[in-house]
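Remarks on the overall topology
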Amino acid sequence: MILVTGATGHVGGELVRRLAASGEPVRAMTRRPREARFPAGVEPVYGDAADPASLAAAFAGASAAFLMSAQPVGTAPAPTHDLALAEAAREAGVRRLVKLSVLDGGGTGGDEDGDGDPIVRWHAAAEAAIIDRFPVWTLLRPGRFMSNALQWAPRLRAGDEVAIPFADRPAASIDPADLAEIAALALTTDEHAGLTHELSGPESLTPAEELSLLGHVISRDLRVRPVPPEAARAAMERYGFPPDVVDAILHHTLDDDRGTEVLPTAAKVLGRPARTFTQWAGAHADAFRTGRQAAGSNRGLNGWFTRQVGASNA
């Protein structure tokens, strides 16, 4: 049995569908199992990393698991959700784990060892909980998700202009479907055991360029309304991020080019080119034409932050 946490999210949902289609036994963990819609044969199960007592039943009998957490950096002294998931997997005797991390999970950025950067420190602790406890593990470290663009869908109901913070900061965004395919390989074969995959899409684009490409796909002239850095800072503070986390986000975004480079790993693992943003937009065009918020998508500033430098929303 393969357990997929975050099973209604961008990566988790794609992973559940892919595993089920290949005939693997799949258990899909979500906080709302009665509302979720999964393929036939998938076993939905309640589980919430914020409620560790709920995890034993979710992990029971699983031989492999995909782990992710959407807990924002700095909302606790440590990544308690990641630690709870890892402990539940250990207690259940899970042998093979695939952990969705972030590009800076390995300790790059900040000072030399990353100890001064709260984002790096947070994800390093989450990764260590996997590496130190399990015989077979794989770490996936993507940068920004193409699906972050789904946060624009509600705004497009009101017009063709979208407010985007740091709209000129490029990133080599990756399609969550590619991540799910890589995760499925790591969960079902031995080829990726003990490996850390730093992953990107095939092109480095700014959010403004992505919006323009989306406009071509849906035949609309979409425009960016820039958000000044001070307004973005104020919004992050209102959301509840601690000051040191806000400083780290701004440093990563304004002073660091990490995440802009196109990495070869995804194409090498997939055996084909990674999907472009135009391909992703074409596959999800209906979400923008109707203004309907896609399942698992992010909203507002947190959606921008999620894959840019912080928490995972898989």
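Below: a short report on this structure. Predicted model only: the values in this text are computed from it and were never measured.

Time to look at the overall build of the protein chain. When its secondary structure is counted, the protein chain shows 13 helices and nine strands. Considering the protein chain as a whole, with its 314 residues, one finds that 54% of them fall into the buried category. Of the contacts made within the protein chain by residues no fewer than 6 positions apart, 78% connect residues no fewer than 24 positions apart. When the accessible surface of the protein chain is split by element, carbon and sulfur atoms take 50% of a total near 13100 Å².

By size, the foremost hydrophobic cluster in this structure holds 30 residues, and its most contacted members are V4, L15, L19, F66, L100 and L187. Looking at this core, the elements with two or more residues in it are β1 (2-4), α1 (10-21), β2 (26-30), β4 (64-67), β5 (96-100), α6 (176-188) and α10 (265-270). Residue contributions to this core peak at seven residues, all from α6.

Our focus in this paragraph is the pairing of β4. Burial of β4 is two-sided: the residues A64 and F66 facing one way and the residues A65 and L67 facing the other way are all buried. Judged from the three bridges that link them, β1 and β4 form a sheet pairing that is parallel. Looking at the pairing, I2 lines up with A64 of β4. Handedness of the β-α-β unit built from β4, helix α3 (residues 80-92) and β5 comes out right-handed.

A few words now on helix α9 (residues 243-254). In a regular helix each residue adds 1.5 Å, so 12 residues correspond to 16 Å; α9 covers 16 Å between its end C-alpha atoms and thus fits that length. Residues of α9 that are buried: V245, V246, A248, I249, L250, H252 and T253.

Here seven strands make up an open sheet; going across it, the order is β3-β2-β1-β4-β5-β6-β8 and the pairing parallel. The two strands at the open ends of the sheet, each matched to only one other strand, are β3 (43-46) and β8 (195-199). Going across the sheet, the axis of each strand differs from the next one's by a mean of 20 degrees, ignoring polarity. Strands in contact with α1 are β1, β2, β4 and β5; relative to β1, the strand with the most contacts, it is inclined by about 155 degrees.

We now examine helix α8 (residues 229-239). Looking only at α8, the buried set comprises A232, A235 and M236. Buried positions in α8, seen along its axis, are confined to an arc of 100 degrees and lie on one side of it. Looking at α8, the residues exposed on the side facing more than 90 degrees away from the buried face are E230 and R238. Where α8 ends, the next residue or the one after it, G240, has phi of about 115 degrees, a positive value.

Where helix α4 (residues 118-131) meets α9, the closest approach of the two axes is 8 Å, and the angle between their N-to-C directions is 100 degrees. Taken as axis vectors, α4 and α9 run roughly perpendicular relative to one another. Contacts from P118, I119 and R121 of α4 reach α9 at D244, V245, A248, I249 and H252.

Note that W122 resides in helix α4. Along the chain, W122 and P72 lie 50 residues apart, while their C-alpha atoms are 9.7 Å from each other. Sequence-distant contacts of W122, that is, excluding residues within four places in its chain, are made with Q71, P72, V73, G74, T75, A76, A78, P79 and D82.

The final tally for this structure, using the stated rule, is 21 salt bridges. Two residues, D178 and R272, come together in a salt bridge whose shortest N-O distance is 2.7 Å. Of this pair, D178 sits in helix α6 while R272 sits in the loop between α10 and α11 (277-283), placing them 94 residues apart in sequence. What makes R272 partly exposed here is its relative accessible area of 24%. Among the charged side chains, a salt-bridge network with shared partners connects R18, D178, E181, R272 and R275.

Packed helices, taken two at a time, are described by their axes: the angle between them and the distance between them. Remark: α8 packs on α9, axes separated minimally by 10 Å, with the N-to-C direction vectors making an angle of 145 degrees. For the crossing formed where α8 meets α9, the hand is right-handed. On α9, the residues that touch R233, M236 and E237 of α8 are V246, D247, I249 and L250. Per-class residue counts for the contact of α8 with α9 are four nonpolar, no polar and three charged.

Here is what the cut-offs are and how they apply
Residues numbered from 1 in each chain as written. Predicted model: local features only at pLDDT ≥ 70, side-chain atom pairs only at ≥ 80, totals over all residues. Heavy atoms only, no water. Helix = DSSP H or I, 4+ residues; strand = E, 2+ residues; numbered from the N terminus. Buried < 20%, exposed > 50% of the residue type's maximum accessible area, 1.4 Å probe, protein only. Contact = heavy atoms within 4.5 Å. Areas by Shrake-Rupley, 256 points an atom, 1.4 Å probe, with all protein chains shown as cover. Core = buried A, V, L, I, M, F, W, Y, C linked by side-chain atoms within 4.5 Å. Pairing = 2+ DSSP bridges. Right-handed = clockwise from strand over helix to strand, strands pointing away. Expected span 1.5 Å × (residues − 1). Axes fitted to C-alpha atoms, helices over the stretch in contact; angles between N-to-C directions. Arc of directions from axis to C-beta. Parallel < 35°, antiparallel > 145°, perpendicular 65-115°, else oblique. Salt bridge = Lys/Arg side-chain N within 4 Å of Asp/Glu carboxyl O. Left-handed = near helix turned anticlockwise from the far one by under 90°. Nonpolar A, V, L, I, M, F, W, Y, C, P; charged D, E, K, R; others polar.

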